[in-house]
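Residues per chain, in single letters:
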Amino acid sequence: MLIYIAGPYEGKLFATPMYYAKAGPEFRRVFIAQNVKKALQVADSVIRLGCVPFVPHLWHEMSKQFSHTRQAWLNLGLQALQHCQAVIRIPGVSEGAEQEVQRAQTLHIPVFNSEDLLPFAEFVRKQKGDMRDQQHKRFMQDLQASPLFFPWRYANKEENCE
């Protein structure tokens, strides 16, 4: 399962947009480092549950070398979100994360809070159980259709067994 991690990137977890606008570049670097660290902690929890985290926060390394607009990065994340089975929202002020949550809700993708991952763990358990059931059903259907399962079904009826 691919799980999207949505949360603040540049802003302080408790900061208002006005506070952030007054913060200097040095504070912004600190905010980004803290937010990336939090996103990676959530991603680690996702990995421990046997899922694959999608962490757009990690694009900060690319953004240092490639000067795309903030909206371009956000659009890229929104495109990737369509392939995810769930979203985990890290609390904090973030217009981008709010857009990601709205898109997830539009696509009927469940959104979970990073502060309480028990509902998410239950969701994963159920999804994996459903996937195993579907895989088992497909396997049994394929096996039953196979000559290995009922070889006499596929034996040449005209052959004379002596």
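To be clear, the structure that these remarks concern was listed above.
Residues numbered from 1 in each chain as written. Predicted model: local features only at pLDDT ≥ 70, side-chain atom pairs only at ≥ 80, totals over all residues. Heavy atoms only, no water.

## Focus on the pairing of strand 3 (residues 86-89)
Every other side chain in a regular strand lies on the same face of the sheet, so the side chains alternate between the two faces. Covered by surrounding structure in strand 3 are Ala86 and Ile88 together with Val87 and Arg89, the residues of both alternating faces. Here strand 3 runs beside strand 4 (residues 111-113); their pairing, made up of 3 bridges, is parallel. Its bridge partner lying in strand 4, Val87 is registered against Val111. For the crossover from strand 3 across helix 5 (residues 95-106) to strand 4, the handedness is right-handed. (Buried < 20%, exposed > 50% of the residue type's maximum accessible area, 1.4 Å probe, protein only. Helix = DSSP H or I, 4+ residues; strand = E, 2+ residues; numbered from the N terminus. Pairing = 2+ DSSP bridges. Right-handed = clockwise from strand over helix to strand, strands pointing away.)

## Focus on the packing of aromatic side chains
With the rule as written, the count across this model stands at 5 aromatic pairs. Considering the side-chain rings of Tyr4 and Phe54, the 5.4 Å spacing of their centres and the 25° angle between planes classify their relative orientation as stacked. Placement of Tyr4 in strand 1 (residues 2-6) and of Phe54 in strand 2 (residues 52-54) is noted, with a sequence separation of 50 residues between them. A ring pair is formed by Phe112 and Phe123, whose centres lie 5.3 Å apart and whose planes are at 45°; its orientation type is tilted. (Phe/Tyr/Trp six-rings, centres within 6.5 Å; stacked < 30°, edge-to-face > 60°.)

## Concerning the side chain of His57
Position of His57 relative to the elements: it lies in the loop between strand 2 and helix 3 (60-65). By relative accessible area, which is 4% here, His57 ends up buried. Only 3.0 Å separates the side chain of His57 from the backbone oxygen of Pro8, close enough to count as a polar contact. Discounting residues that sit within four places of it in the chain, His57 has contacts with Ile5, Ala6, Gly7, Pro8, Tyr9, Asn35, Val36 and Ala39. (Polar contact = N/O pair within 3.5 Å; in protein donor to acceptor, adjacent residues only side chain to side chain. Contact = heavy atoms within 4.5 Å.)

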